Every structure is written in C-alpha cells, then in structure tokens.
Amino acid sequence: MKKLLFVFACLMPMTLMAQPQFKGYFINNELNLRLTLDLYEQTVSQPQFDEEKCFGVLEGALNGHWVFLKIESLDETVAVVRAVSDSGIEAQSLELKLTEEGIEIKQVKGANIRGVKNRKYVKLPKNISFKRR
C-alpha cells in the first residue's frame, strides 16, 4: 500500500505539469472578448470556415475576429503567435503569457486590434487579461 501511495505521489505532479496550459476557453468580461485556444494542435474551428482549423480565435466586441495561424515561439509560460484579422488585411504578433487566472495577451507588432464601443472603433489596450473558463 505504501508503494502504491509513493508511486501516486510521484506521478501526480507530472500529470499536473502535462496538462496543456495554452489550451482552453478564456474570457475578458470588461472588453467582451472571448479567446478559444489550442497552441499544441490546429483544432480550433475558424468562424465562417468550418473545415479550416487554426491555433486559436479571438472574437467578441471587435471589428470582426482574429485567427491565430502561426506559432512563432512557444515555451512553458510564454508563446508568440501571428494573428490575422478575418478580412486578411491586418496582421499582428501577439505575446501570450500565462498568469494565475488565465492568459495575458500583449500586442507586440503590427496593426492594432480594434474593438467596438458605443458603435465606434476604439484601439484595444496593448495588454489584455483573460480568465480561464
């Protein structure tokens, strides 16, 4: 019995570490944004393109939605992805950083992501925090 408990105690931290951190559904209630993410495989369906899969989709009170098409770098706590607007005209590099509550996105370079507030386009903050849902 002691051996079984020892094995379980040794394997438990490994299973917690093996859980994909850059995968899931995240929300920002203040800006009315939703983030669906899987940086390990292209499994997220693109809006309007059910057959096309991507690494993630940022949608909500935006000027359309943003699709994560390319992973530039990925480590345990930080990832950099290339996102493209639904129109394909605007592109942006985004840094995703794990936090205790979820993920923080930082706009690194490229076109600013714009949101919609009171029926007007506004630039979103450079840093946006999302909570895991």
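Calculation notes
- Residues numbered from 1 in each chain as written.
- Predicted model: local features only at pLDDT ≥ 70, side-chain atom pairs only at ≥ 80, totals over all residues.
- Heavy atoms only, no water.
- Core = buried A, V, L, I, M, F, W, Y, C linked by side-chain atoms within 4.5 Å.
- Buried < 20%, exposed > 50% of the residue type's maximum accessible area, 1.4 Å probe, protein only.
- Helix = DSSP H or I, 4+ residues; strand = E, 2+ residues; numbered from the N terminus.
- Contact = heavy atoms within 4.5 Å.
- 1 Å grid on protein atoms, 1.4 Å probe; cavity = no way out; pocket = protein on both sides within 12 Å on 5 of 7 lines; lining within 4 Å.
- Points joined across faces, edges and corners; volume = space filled by probe spheres on them.
- Nonpolar A, V, L, I, M, F, W, Y, C, P; charged D, E, K, R; others polar.

### Brief notes about the nonpolar core
(1) Moving on: Counting residues in hydrophobic clusters, the biggest one holds 23 residues, and the most contacted among them are Leu-37, Leu-58, Phe-68 and Leu-96.
(2) Moving on: Where this core is concerned, the elements lending two or more residues are β2 (33–38), β6 (66–74), β7 (78–85), β8 (91–98), β9 (102–110) and β12 (127–132).
(3) Moving on: Setting aside residues up to four positions removed in sequence, Leu-96 forms contacts with Phe-22, Leu-37, Leu-39, Phe-68, Thr-77, Val-78, Ala-79, Val-81, Ile-103, Glu-104 and Ile-105.

### Quick look at the environment of Ile-71
(1) Moving on: With respect to the helices and strands, Ile-71 occurs in strand β6.
(2) Moving on: For Ile-71, a relative accessible area of 26% puts it in the partly exposed group.
(3) Moving on: For the pair Ile-71 and Val-81, spaced 10 residues apart in the sequence, the C-alpha separation amounts to 4.4 Å.
(4) Moving on: Ignoring sequence-local partners within four residues, the contact set of Ile-71 consists of Leu-39, Phe-55, Val-80 and Val-81.

### Focus on the layout of surface pockets
(1) Moving on: Each pocket or cavity is described by its volume, and for the second largest pocket that value is around 170 Å³.
(2) Moving on: Together, Ile-27, Asn-28, Asn-29, Glu-30, Leu-31, Glu-101, Pro-125, Asn-127, Ile-128, Ser-129, Phe-130 and Lys-131 line the second largest pocket.
(3) Moving on: Looking at the lining of the second largest pocket, the elements with two or more residues in it are β1 (23–28) and β12.
(4) Moving on: At five residues, β12 tops the list of elements feeding residues into the lining of the second largest pocket.

### A word on empty space enclosed by the protein
(1) Moving on: Per the counting criterion, the structure on display carries one cavity of 30 Å³ or more.
(2) Moving on: When its volume is computed, the largest cavity comes out at roughly 30 Å³.
(3) Moving on: The wall of the largest cavity is formed by Leu-58, Leu-94, Ile-105, Gln-107, Ile-113, Ile-128 and Phe-130.
(4) Moving on: Those elements that provide at least two residues to the lining of the largest cavity are β9 and β12.
(5) Moving on: Residue composition of the lining of the largest cavity, grouped by class: six nonpolar, one polar and no charged.

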